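Take a look at the letters that make up each chain.
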Amino acid sequence: MMNTSDSFSPEKRLNEFNGLLLSRARDLSYYSPYSFLRTISHERLSRETFTEPLIGSVASGRSSLSAEFRAGKTTWFVWRDLPWDSDYFRRRVVRIELIISDHEDADAVAGAVNRFLGRFTSPGDYVSMTVPCEDLLLLRGLAGTGFRLVETRLNYYFTGFESAQSPLLPVRMAVADDIPVLRDVAMRMRNRFDRVHADPAFTEEEADSYLGTFAEQSVRGFADMVAVPDLPGVKPFGFLAAGNPERIMDLNIAKLVLAAVDNSEHRGWMFHLLGGIIRELKMKNTDILTTITQASNKPAIRTWEKAGFLLGFVTHVYSYSNK
């Protein structure tokens, strides 16, 4: 879908957007989820993992493209509705994939964002977006809008599969019978810095329930593997979920999905669960494992770095709630 706030045809604006995106491909490499890959050129990273998929998403109708045009300055928005999240939270949930301008005026960006929100959101709508820390123009522009910063994310990656050892303590993969206790762990061991808990658009109860549902669905197939402690006579008191590796730019890349551990009686288990996941992924010939955590989550940071993860890049999560 193509929407404009000026008199130019949708086709002309679509071509203009594609041209701008391709001309900025190298500079937009920091929008790639694999920008930490130092041996791959910025142009290829951007083209294969960000700009071309984004253009394809708009062309197929999976994403919408909007243009805000004023005083010779154009700001573009690529966005999509999220049906599962909308059904779950009983409100329309939208994710902005990209905001890009053909100018360097932060005030003009702020005005365009506010006009976009006025045109495309209704009372009750929730909008989120993730912005790389390198996109200074957008970060300055968002300061003059209704968006609020809810999370600063550290994006880590791990490449040490060849030397990885088996976990020191026994770990197994979760089964359906584990769902009730794992759901409870996810809800009780809340992380007040994660995206839903840190966002005042959601109540604590909504955020807890969302994480519990996420844990349940991970066991049911949203994740490809969910590691839990395997202690005789002890119900699982934590879990770590991950996906199978995908072939991306000649590399097998997997990612961690969700984690929660109750350390009240058994300490240090996140590290052992991570060892179990790494063991499984090593058998699947994984080259790289990625994960995210909040800049404020020092225990998680210590665990990832102890295991050999390296910091790849930093992003900021913003949200807007039309309530």
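An account of the accompanying structure is given in this report. (Residues numbered from 1 in each chain as written. Predicted model: local features only at pLDDT ≥ 70, side-chain atom pairs only at ≥ 80, totals over all residues. Heavy atoms only, no water.)

### Section: the overall build of the protein chain
Rules: Per the convention used, a helix needs a DSSP run of H or I reaching at least four residues, while a strand needs a run of E reaching at least two, with both numbered from the N terminus. Only C-alpha atoms enter the radius of gyration, while the globule expectation follows 2.2 Å times N to the 0.38, with N the number of residues. Only protein chains enter the accessibility calculation, which uses a 1.4 Å probe; a residue is then buried when its area is under 20% of its type maximum, exposed when over 50%, and partly exposed in between. Contacts are assigned to residue pairs with any non-hydrogen atoms lying within 4.5 Å of each other. Residue exposure ignores everything except the shown protein chains as possible cover, and the areas themselves are Shrake-Rupley values with a 1.4 Å probe. His is not counted, nor are the chain ends; Lys and Arg add positive charge and Asp and Glu add negative charge. For this purpose, a charge sits on NZ of Lys, CZ of Arg, CG of Asp or CD of Glu.
Secondary structure summary: the protein chain contains ten helices and 13 strands in total. By the compact-globule yardstick of 20 Å for 323 residues, the protein chain fits well, its C-alpha radius of gyration being 21 Å. Principal-axis analysis of the C-alpha atoms gives the protein chain an extent of 70 × 45 × 30 Å. Expressed as a percentage of its 323 residues, the buried residues of the protein chain come to 52%. The long-range fraction of contacts in the protein chain, counting pairs at least 24 apart against all pairs at least 6 apart in sequence, stands at 71%. Summed over all atoms, the accessible surface of the protein chain reaches about 15,400 Å², with 51% contributed by carbon and sulfur. Each charge class in the protein chain was averaged separately, 38 positive and 40 negative side chains, and the resulting centres sit 1 Å apart.

### Notes on the pairing of strand β11 (residues 251–261)
The two faces of the sheet receive side chains in turn, since in a regular strand these alternate between them. Rule in force here: In this scheme, strands are said to pair when DSSP sees at least two bridges between them.
Bridging between strand β9 (residues 238–242) and β11 involves five bridges; their strand directions are antiparallel. Bridging across to β11, L240 finds its partner in A259. Between strand β10 (residues 246–248) and β11, which pair antiparallel in sequence order, lie two residues; one of them, M249, sits at a positive phi of approximately 50°. Sheet analysis places β11 next to strand β12 (residues 288–294), joined by three bridges and oriented parallel.

### Some details on empty space enclosed by the protein
Note the following rule: A pocket, in this scheme, is an open set of points on a 1 Å grid over the protein atoms alone with protein on both sides within 12 Å along at least 5 of 7 lines, while a cavity is a set where a 1.4 Å probe fits but cannot get out; residues line either one if an atom lies within 4 Å of a point. Grid points are joined across faces, edges and corners, and a volume is the space filled by probe spheres set on the points. Charged means Asp, Glu, Lys or Arg here, nonpolar means Ala, Val, Leu, Ile, Met, Phe, Trp, Tyr, Cys or Pro, and polar covers whatever is left, Gly included.
Summed over all chains, the structure comprises one cavity of 30 Å³ or more. Considering only enclosed or pocket space, the largest cavity measures out at about 30 Å³ in volume. Forming the walls of the largest cavity are W79, R92, V94, F116, F120, T121 and V127. Its residues assigned to classes, the lining of the largest cavity comprises five nonpolar, one polar and one charged.

### Some words on the nonpolar core
Keep this limit in mind: Put simply, a nonpolar core is a bunch of buried Ala, Val, Leu, Ile, Met, Phe, Trp, Tyr and Cys residues held in one set by side-chain atoms that sit within 4.5 Å of each other.
Ranked by size, the top nonpolar core spans 37 residues in total, and within it M129 and F147 carry the most contacts. When residues in this core are grouped by element, the largest group, seven residues, is from helix α4 (residues 106–120). Other than its neighbours up to four places away in sequence, F147 contacts I96, V113, L117, V127, M129, L142, Y318, S319 and Y320. Counting residues in hydrophobic clusters, the runner-up holds 27 residues, among them Y156, F161, V171 and A300.

### Some thoughts on the pattern of salt bridges
Cut-off, in case you're wondering: What makes a salt bridge here is a side-chain nitrogen of Lys or Arg within 4 Å of a carboxyl oxygen of Asp or Glu, nothing more.
Overall, the coordinates contain 22 salt bridges when judged by the stated rule. Among the salt bridges present, the one from R44 reaches E48, with a minimum N-O distance of 2.8 Å. Here R44 pairs with E48, and both are found in helix α2 (residues 42–60), just four residues apart, close to one helical turn. On the accessibility criterion, R44 (24% relative accessible area) is partly exposed. For E48, a relative accessible area of 35% gives the class partly exposed.

### Some details on the pairing of strand β6 (residues 148–158)
β6 sits mainly inside the fold: eight of its eleven residues count as buried. Note: β6 against β12, six bridges, orientation antiparallel. Considered in β12, the bridge of Y157 is made with T290.

### Digging into the environment of F147
One can find F147 in the loop between α5 (136–142) and β6. Considering only alpha carbons, one finds F147 and T75, 72 residues apart in sequence, at a separation of 16 Å.

### What about the environment of N114?
Within the secondary structure layout, N114 lies in helix α4. Note: C-alpha distance between N114 and E68 (46 residues apart in sequence) is 9.9 Å. Among all residues touching N114, those that are not within four sequence positions of it are G144, T145 and G146.

### Overview of the layout of surface pockets
Empty space among the atoms becomes visible once a probe the size of a water molecule is rolled across them. Taken as a whole, the second largest pocket encloses approximately 270 Å³ of empty space. Along its surface, the second largest pocket is lined by 17 residues, and R24, Y30, E104, D135 and L137 are the ones closest to its centre. The set of elements that each furnish at least two residues to the lining of the second largest pocket consists of β4 (93–101) and α5. Partitioned by chemical class, the residues of the lining of the second largest pocket number ten nonpolar, one polar and six charged.

### Digging into the packing of helix α9 (residues 269–283) against helix α10 (residues 298–307)
Condition: Axis definition: a line fit to C-alpha positions, over the contact stretch in the case of helices; interaxial angles, taken between N-to-C directions, run 0 to 180 degrees. In this scheme, roughly parallel covers angles under 35 degrees and roughly antiparallel covers those over 145, while 65 to 115 is roughly perpendicular and the rest are oblique. Handedness of each helix crossing follows the sense of rotation of the near helix against the far helix: counterclockwise by less than a right angle gives left-handed, clockwise gives right-handed.
Closest axis-to-axis distance for the α9/α10 pair is 10 Å, and the angle between their directions is 45°. Between α9 and α10, the angle is such that the two are oblique. The handedness of the crossing between α9 and α10 comes out as right-handed. Facing α9, whose interface residues are M270, F271 and L274, α10 presents T303, W304, K306 and A307. Class assignment of the residues belonging to the contact of α9 with α10 gives a composition of five nonpolar, one polar and one charged.

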